[in-house]
Each structure stands twice: as structure tokens, then as C-alpha cells.
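Remarks on the overall topology
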Amino acid sequence: MITLITGATSGIGEQLAIKYAEQGDTVIACGRNTQKLAELAKHNNIKTCQFDATNLQDIKAATLGYPQFDRVILNAGNCEYVDDARNFDSALFERVINVNLLSMGYCLEALLPKITSGGQLVMVSSSVTYLPLPRSEAYGASKAGVSYLAKTLAVDLNDVDVTLVHPGFVKTPLTDKNDFPMPMAVSAEKAADYIIKGVNKRRKEVHFPYRFTLILKALRILPLSLWLKIAKGLTR
């Protein structure tokens, strides 16, 4: 199996690359950080590919030598929070949408035609999409777009299975900067285990940790007016 993973130089992506390589897959670990890519290349079964996921031509040029993949995992992303919604920061919004959502479109154009018939496309979103949460105007909007994109691809693709991943809080260098509690957070290694298990079973959605994500899903049945009162209370 040939598995390509974007965002493989840190957090969930790094753990996925290592674990799939240990299972015997040929892993194409992708990212921008040359030092981290060099470290990953020391592992058996891992090849590296450097590109900027927000640059279509960069992706196409970097992956030119790879004619096909059995599995593509689109995991690259970033998170910035809107601290003052009244004075909305459109530059921040653009950055997050560009990295988390537009990059998916670029990767799909460059990589989707190379996925073998019967192969798999995995797109990593976030459980933030289940409910509107404080300060998440940019991050939540970008991940909501990813989720909808994955679901529509699942409708339209007949020979490629699509798995949508909705993680809860995961302890990574990206979330280390969070200045708020992260209930039921799991390690990046555990997150990778959840994803691999779900992908191997070709599930349409993988969400974890289950207790946390099921609580969020249950809260979606509340009237929006009631949830907004609860969410506003979270900011006090």
C-alpha cells in the first residue's frame, strides 16, 4: 500500500506516518519543514515530499514522480482564534481559510486523479463543526467547509472511498498554545490509532474520543437559542 499524508511533520500527521510505515505501507510523508522531513526519512518505509499545500503548482511539481497512491490522507491545517469578533480580523480569517480549506482543493486537484480505483481518500476536519464555539469563527468555518466537501465527495466519487475525520482535542504542538481547558484531550499517538482503525474499516466518519464527540453530537439537538446562551457562558 502506498499512503500519502499531508501535514506529516507534526502532531497527528507525524504519528500517522510512523504507524502506517510500521504496518508495512510505503508512506509519502509531506510537509514544509525540511528538518522534520529529514527525521521522518530515517524510518523504514517512509519517503518524504516537500511542498506548500496552499500552492497548487508546488504540490503538482513535488508529486510528479508518484504516479499513484492507494490512500491519501489530507491532514495539513492550522488554527488561529478570533479574539475580538466586533473588530473582525479578515487577514486572520483569510489565512485560516487558505490553509485549512483552499489547500484541500489544491491537494484534491493534484492528488485525487492519482488515487487507485478502490482506494481511499481521508480528510481531517474537526469536532468544532458540531457546534458553534467561542472564538472559532475562522477555524470553525474552515473545518465546516472541509466536512461538507468530504461529504459531497463521498456522494460523487464512485470508485474511491471517502473517510471524514472529526477529532476532539488532541495534544499537539498546535494545541499547546491553547489558553483554555481541553476536556478529554488525547495524545497524537492515540488519535492516530483511532484514525487508522476507522480507515481500515472504511468508515464514512471517524470521530474521537467517543465520549466527548457523542456529547457534542447530543448537544446539537438543543434549540440554537439555548445553545447560544450556553456558549456565551463559556466565554465568561
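Report on the accompanying structure. (Residues numbered from 1 in each chain as written. Predicted model: local features only at pLDDT ≥ 70, side-chain atom pairs only at ≥ 80, totals over all residues. Heavy atoms only, no water.)

Moving on, we come to the overall build of the protein chain. A tally of regular secondary structure across the protein chain gives eight helices and nine strands. Relative to its length of 236 residues, the protein chain is compact, with a C-alpha radius of gyration of 18 Å against a globular reference of 18 Å. Once the C-alpha set of the protein chain is aligned to its principal axes, its extents read approximately 50 × 35 × 30 Å. The long-range share in the protein chain, meaning contacts at least 24 apart out of those at least 6 apart in sequence, stands at 65%. Total accessible area on the protein chain is roughly 11700 Å²; 53% of this is exposed by carbon and sulfur atoms. Each charge sign in the protein chain was given a centre, from 27 positive and 22 negative side chains, and these centres are 7 Å apart. (Helix = DSSP H or I, 4+ residues; strand = E, 2+ residues; numbered from the N terminus. Rg over C-alpha atoms; globule rule 2.2 N^0.38 Å. Contact = heavy atoms within 4.5 Å. Areas by Shrake-Rupley, 256 points an atom, 1.4 Å probe, with all protein chains shown as cover. Lys, Arg positive; Asp, Glu negative; His and termini not counted. Charge placed at Lys NZ, Arg CZ, Asp CG, Glu CD.)

In this section: the nonpolar core. Counting residues in each nonpolar core, the largest one holds 27 residues, and the members touching the most others are Ile5, Leu16, Tyr20, Val27 and Phe208. Of all the secondary-structure elements, those providing two or more residues to this core are helix H1 (11–22), strand E2 (26–31), strand E5 (115–124), helix H6 (188–200) and strand E9 (205–208). The element contributing the most residues to this core is H6, with seven residues. Sequence-distant contacts of Ile5, that is, excluding residues within four places in its chain, are made with Gly13, Leu16, Ala17, Tyr20, Val27, Ile28, Ala29, Cys30 and Ile73. One finds Ile28, Cys30, Ile59 and Met104 within the second-largest nonpolar core, a separate group that totals 26 residues. (Core = buried A, V, L, I, M, F, W, Y, C linked by side-chain atoms within 4.5 Å. Buried < 20%, exposed > 50% of the residue type's maximum accessible area, 1.4 Å probe, protein only.)

Note on placement: Thr6 falls in the loop between strand E1 (2–5) and H1. For Thr6, a relative accessible area of 2% translates into the label buried.

With respect to the element layout, Arg203 can be found in the loop between H6 and E9. Under the relative-accessibility criterion, Arg203 is labelled partly exposed at 29%. Measuring from C-alpha to C-alpha, the distance between Arg203 and Phe169 comes to 20 Å, with 34 residues separating the pair along the chain. Those residues in contact with Arg203 that lie beyond four places of it in its chain are Val162, Thr163, Gly198 and Tyr210.

Next up on the list: the side chain of Ser127. Positionally, Ser127 belongs in the loop between E5 and helix H5 (137–156). Judged by relative accessible area, which is 6%, Ser127 ranks as buried. Beyond its immediate sequence surroundings of up to four residues, Ser127 is in contact with His166, Pro167, Gly168, Phe212, Thr213 and Leu216.

Bringing a nonpolar patch on the surface into the picture now. On the surface, Leu226, Ile230 and Leu234 cluster together to form a nonpolar patch covering roughly 260 Å² of accessible area. In this fold, Ile230 is placed in helix H8 (residues 224–234). (Patch = residues over 30% accessible without salt bridge, like charges linked within 9 Å, V, L, I, M, F, W, Y side chains within 5 Å. Salt bridge = Lys/Arg side-chain N within 4 Å of Asp/Glu carboxyl O.)

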